[in-house]
Amino acid sequence: LCLEKDLSAGVPTEGGYLVPETTLEGVIEMLRERCIIMRLGAQELPMDTGTLNLNKQTDGATASYVGENLPVNASDPDFGAIHMAAKKMMVNVPISNDLLKTARVAADRFVANDAMSAMKVKFDRTAFTSTGGQYSPRGLVAMEGLTSLSIAGAITADNIVNFIVKLFGANVDLDNFSTVGWAFGIELWRDLFNLKASTNEYLLRDELKLGQLLRYPWETT
């Protein structure tokens, strides 16, 4: 007596159900935006009570030339304050006890890491682009006294220099390389990296490869 049957591990109904599937422990994490605001010199300030006042000088003393034995005009520096209020960011990811107990990966650690990554991205976006609100802080684009420069058309080497000139005209301390830096998207990085002189030589590639642009550090996201 001879019995013959075609069985296959690749077909569920022909024996594939008898072959257990193998799953590696761990999860391939999703890719998120790079967070760069802290890399470029943003400073953390303690706000233990939820509020913080920063004193600032709004006007300074003035000097003048006078003749002999003549009185000099008095000048009074002016001061003000910046009032800061803490804003709360939270992530809520419900997770059941059964999942915590039975998951092959450390579900609690994975969820915690994912939540932390989400908060970092939100923090970075807010720091750059948020207009502020009752529950969210203002970003750089909404700061008072913002120095801005608009560019029409393609980026040029002159445009890059004009950014520095604009800051210089606003009395920014350009010698402090820890608090001055460039932040731009990947498309602008591409345009800068491919910028050529009339002799067809790349203008900025060597410096960009060193992580600098006109001596100042850059980050892209």
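As a reminder, the structure under discussion sits directly above these lines.
What comes next concerns the included structure. Remember, predicted model here, so these are calculated numbers, not experimental data.

## As for the overall build of the chain
A tally of regular secondary structure across the chain gives five helices and five strands. Written out in order from the N terminus, the α and β elements of the chain read β-β-α-α-α-β-α-α-β-β. By the compact-globule yardstick of 17 Å for 221 residues, the chain is too spread out, its C-alpha radius of gyration being 29 Å. Taking the principal axes of its C-alpha atoms as reference, the chain extends roughly 130 × 60 × 25 Å. Split into buried and exposed, the 221 residues of the chain put 14% on the buried side. Across the chain, contacts joining residues at least 24 apart in sequence account for 55% of those joining residues at least 6 apart. Here the chain contributes 20 positively and 27 negatively charged side chains, and the mean placements of these two sets differ by 4 Å.

## Observations concerning the pairing of strand β5 (residues 216–220)
Of all five residues that make up β5, four are buried, and the element is covered over most of its length. The pairing of strand β3 (residues 182–184) with β5 spans three bridges and is classified as parallel. When the sheet's bridge partners are listed, Ala 183 is paired in β5 with Glu 219. Pairing of strand β4 (residues 212–213) with β5 involves two bridges; the strand directions are antiparallel. Looking at β5, one finds that Gln 212 is bridged to Pro 217. Between β4 and β5, which pair antiparallel one after the other, the connecting turn spans two residues, and Leu 214 there sits at a positive phi close to 50°.

## A word on the side chain of Glu 219
Within the secondary structure layout, Glu 219 lies in strand β5. For Glu 219, the side chain forms a polar contact with the side chain of Arg 34, separated by 3.2 Å. If we ignore the near neighbours within four places in the chain, the residues touching Glu 219 are Arg 34, Ile 36, Arg 39, Leu 40, Trp 182, Ala 183 and Phe 184.

## Topic: the sheet that holds β5
Consider a sheet: its strands pair through backbone hydrogen bonds, and that pairing is either parallel or antiparallel. Spatial strand order, β3-β5-β4: three strands in an open sheet with mixed pairing. A strand with exactly one partner marks an edge of an open sheet, and here the two such strands are β3 and β4. Its contacts with the sheet place helix α4 (residues 186–193) against β3, β4 and β5, and it is angled at close to 115° to β3.

## A word on unusual backbone geometry
Of note in the backbone geometry, Asn 171 takes a positive phi value of approximately 65° without being a glycine. Tracing the sequence through the fold places Asn 171 in the loop between α3 (157–169) and β3. Despite not being glycine, Leu 214 has its phi angle at roughly 50°, a positive value. You can see Leu 214 is positioned in the loop between β4 and β5. Take Leu 214: its relative accessible area is 27%, and that puts it in the partly exposed class.

## A few points about the pattern of salt bridges
Under the definition given, this model contains five salt bridges. Residue Arg 32 is joined to Asp 114 by a salt bridge in which the shortest nitrogen-to-oxygen separation is 2.8 Å. With Arg 32 in the segment before β1 (51–59) and Asp 114 in helix α2 (residues 107–129), the pair connects residues that are 82 residues apart, well separated along the chain. According to the relative accessible area criterion, Arg 32 is partly exposed, its value standing at 33%. Between Arg 190 and Asp 191 there is a salt bridge; the shortest N-O distance is 3.3 Å.

Rules and cut-offs
- Residues numbered from 1 in each chain as written.
- Predicted model: local features only at pLDDT ≥ 70, side-chain atom pairs only at ≥ 80, totals over all residues.
- Heavy atoms only, no water.
- Helix = DSSP H or I, 4+ residues; strand = E, 2+ residues; numbered from the N terminus.
- Rg over C-alpha atoms; globule rule 2.2 N^0.38 Å.
- Buried < 20%, exposed > 50% of the residue type's maximum accessible area, 1.4 Å probe, protein only.
- Contact = heavy atoms within 4.5 Å.
- Lys, Arg positive; Asp, Glu negative; His and termini not counted.
- Charge placed at Lys NZ, Arg CZ, Asp CG, Glu CD.
- Pairing = 2+ DSSP bridges.
- Polar contact = N/O pair within 3.5 Å; in protein donor to acceptor, adjacent residues only side chain to side chain.
- Axes fitted to C-alpha atoms, helices over the stretch in contact; angles between N-to-C directions.
- Salt bridge = Lys/Arg side-chain N within 4 Å of Asp/Glu carboxyl O.

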